[in-house]
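# Breakdown of the fold
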Amino acid sequence: MISIFVLLLNIGFSTGKETDRIDWKKKPTFGSTSLELDLTKSKLLLKTKAEWRSDLVVNFKDSRAGDAGSFQLEFSNPPKYGFIDCTSSSFADKILPVPLPKPDKSGYRVLVIEQNRIGGQGLKISSNGTTLLDFNPQKDVCSYRRWDSYWTKKKIKFDFWSDRAVSYYSIIPYKNCEKLNRTLAGVTTKPELPVRHGVSVTMKCPKRTVNRGGETGVCMDGVVVASSGSPVCVSETTGQVTTPAQSVTKSPAKPIDWTKKPYRGMKIDFSTTKLLLKTKAKTGDSLRLNFEDSWGSSAGQFGLDFSSSPKYDFSKCTALSVSRASSPLKQDLPKPDGGGYRVFEVMKYGKSGKGFKISCNGVELITFEPSDDVCKGWSSWRSAWGEEKVGVNFIFDDVIEYVATVPYRKEKKDRYITSA
């Protein structure tokens, strides 16, 4: 999973002024030209007037000029990205989870690439003040087998090989942390402020008070970020709070990591993960989903026909096949979202663990649990629906555009971003 959101609280700020005029440098004529960049000390700014189908590419290098990962952003509709040798082996194939900000009045966008965790090799990508991606390379995020040969290296150089979008770049050092917020009057830090970016601090309440809140933080580009909440200083004698805690805003809903539909299929553990299908299917179209067992053999099919009265079927249970669905939906199909898409959710259902619940844009459509009563007339239903399903393929489908897998959550209602 690419984007990982953490509850952090900004409790300090820098009094240093922002750079009024950025020292922009023209991108080298030769994309292979290596440029110095230590992401532990500075962030990289990229200025672009990228047009349709342009690719922005930044390649990171280690101290020996070895590959240390690449980032690619494709300006398409919808925009796609890739962390090369992690989420993909060679190209951008994942949909950007948030819309790209519009260019400024001069037609430029400014992208910022910076370190997102002290001591880590992750990256935060933002544009015109909007966070686009919060990337932490790790096993469950990187599908490329040899990802750790690249993304665990320290990045100290970069180049623009294969880039077709960047016009100018600039390298700006991270800011120091100068002061805590005024609401934390009397709170001191060790070491004392100011401190440099990346330095951890311990916060201490004034004398004759007890700290009932957080006490540690780290300087991140001019801001002290508390790891477990800001200090809450309480009087030893009265028990009253002398330094009020600041409110913590919940992290935004985790964006979905959409991937273009893989024709040959994909592995999925339905006991821990739900499957999302994104489609612009219209009347006359047919959605087909084929389940696979641990041997890669067929373990049942689901079919949904988009018509004035939508119909569905499960092969070898409600019908012999799903070539032409015949079971009417009990619920109307929700209308597409603003982008023209519907998102179908497929998740495990029933006591046996062999059934499925299928929803669309938050509306439950079908609850299916195979049994002798449900699969009347098809004595062979167990050969398909009695098998554990560990994968799916889309061989007979012609409407699904994108797929995603999302772990089950405890909340009663999940929130998804359905527009690309």
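Heads up: these notes are all about the structure in this document. (Residues numbered from 1 in each chain as written. Predicted model: local features only at pLDDT ≥ 70, side-chain atom pairs only at ≥ 80, totals over all residues. Heavy atoms only, no water.)

### A few points about the state of the cysteines
Evaluated as defined, the whole model comprises four disulfides. Paired by a disulfide, Cys-86 and Cys-142 hold their sulfur atoms 1.9 Å apart. Taking the sign of the S-S torsion, -85° for the link of Cys-86 and Cys-142, the bridge is left-handed. With a gap of 56 residues between them, Cys-86 in the loop between strand 8 (80–84) and strand 9 (94–95) and Cys-142 in the loop between strand 12 (130–135) and strand 13 (157–159) connect regions that are remote in the sequence. Taking relative accessible area as the criterion, Cys-142 reaches 7% and is therefore assigned buried. Between the sulfur atoms of Cys-205 and its disulfide mate Cys-233 the distance is 2.1 Å. Because the sign of the S-S torsion sets the handedness, a value of about -85° for the bond joining Cys-205 and Cys-233 places this disulfide among the left-handed ones. Here the residue Cys-205 occupies a position in the loop between strand 17 (200–204) and strand 18 (209–211), and Cys-233 occupies one in strand 21 (residues 233–235), the gap between them amounting to 28 residues. (Disulfide = S-S within 2.5 Å. Helix = DSSP H or I, 4+ residues; strand = E, 2+ residues; numbered from the N terminus. Buried < 20%, exposed > 50% of the residue type's maximum accessible area, 1.4 Å probe, protein only.)

### A look at the sheet that holds strand 14 (residues 166–173)
Pairing within the open sheet is antiparallel, and its six strands lie in the order 3-14-5-10-11-12. Both outer strands of the open sheet, strand 3 (25–26) and strand 12, are each paired with one neighbouring strand and no more. (Pairing = 2+ DSSP bridges.)

### Some details on unusual backbone geometry
Going from Lys-190 to Pro-191, the amide bond is cis rather than trans, its omega being 0°. Relative to the helices and strands, Pro-191 is located in the loop between strand 16 (188–190) and strand 17. At the junction of Leu-193 and Pro-194, the peptide bond is cis and its omega measures out at 5° in the coordinates. For Pro-194, the location among the structural elements is in the loop between strand 16 and strand 17. With phi around 65°, Ala-65 is a residue other than glycine that occupies positive phi space. Mapped onto the elements of the fold, Ala-65 is located in the loop between strand 6 (54–61) and strand 7 (67–75).

### Details of the packing of aromatic side chains
Applying the stated rule across the entire model yields 20 aromatic pairs. Ring geometry for Phe-306 and Phe-344: centres 6.1 Å apart, planes at 85°, overall edge-to-face. One end of the pair, Phe-306, is in the loop between strand 27 (298–305) and strand 28 (311–314); the other, Phe-344, is in strand 30 (residues 342–349), and 38 residues separate them in sequence. Each member of the pair, Phe-306 as well as Phe-344, carries the same accessibility label: buried. A centroid spacing of 3.8 Å and a plane angle of 5° characterise the contact between Phe-314 and Phe-368, whose relative ring orientation is stacked. (Phe/Tyr/Trp six-rings, centres within 6.5 Å; stacked < 30°, edge-to-face > 60°.)

### Focus on a nonpolar patch on the surface
Taken together, Tyr-263, Ile-395 and Phe-396 make up a surface patch of nonpolar side chains, about 360 Å² in accessible area. One can find Phe-396 in the loop between strand 33 (391–393) and strand 34 (400–407). On the basis of relative accessible area, Phe-396 is assigned to the exposed category, the value being 57%. (Patch = residues over 30% accessible without salt bridge, like charges linked within 9 Å, V, L, I, M, F, W, Y side chains within 5 Å. Areas by Shrake-Rupley, 256 points an atom, 1.4 Å probe, with all protein chains shown as cover. Salt bridge = Lys/Arg side-chain N within 4 Å of Asp/Glu carboxyl O.)

### Overview of the pattern of salt bridges
Inspection of the entire model under this criterion finds 16 salt bridges. Salt bridges linked by common partners bring Lys-43, Lys-175 and Asp-221 together as one network.

### Observations regarding the environment of Ser-309
Along the chain, Ser-309 falls in the loop between strand 27 and strand 28. Note on Ser-309: relative accessible area 42%, which makes it partly exposed. In this structure the C-alpha to C-alpha distance between Ser-309 and Pro-328, which are 19 residues apart in sequence, comes to 6.9 Å.

### Describing a positive patch on the surface
Where like charges cluster on the molecular surface, the positive patch consists of Lys-190, Lys-204, Lys-207 and Arg-208. One can find Lys-190 in strand 16. (Lys, Arg positive; Asp, Glu negative; His and termini not counted. Charge placed at Lys NZ, Arg CZ, Asp CG, Glu CD.)

### A closer look at the side chain of Ser-235
By the element assignment, Ser-235 lies in strand 21. With a relative accessible area of 14%, Ser-235 lands in the buried category. A polar contact is formed between the side chain of Ser-235 and the side chain of Thr-237, at a distance of 3.1 Å. (Polar contact = N/O pair within 3.5 Å; in protein donor to acceptor, adjacent residues only side chain to side chain.)

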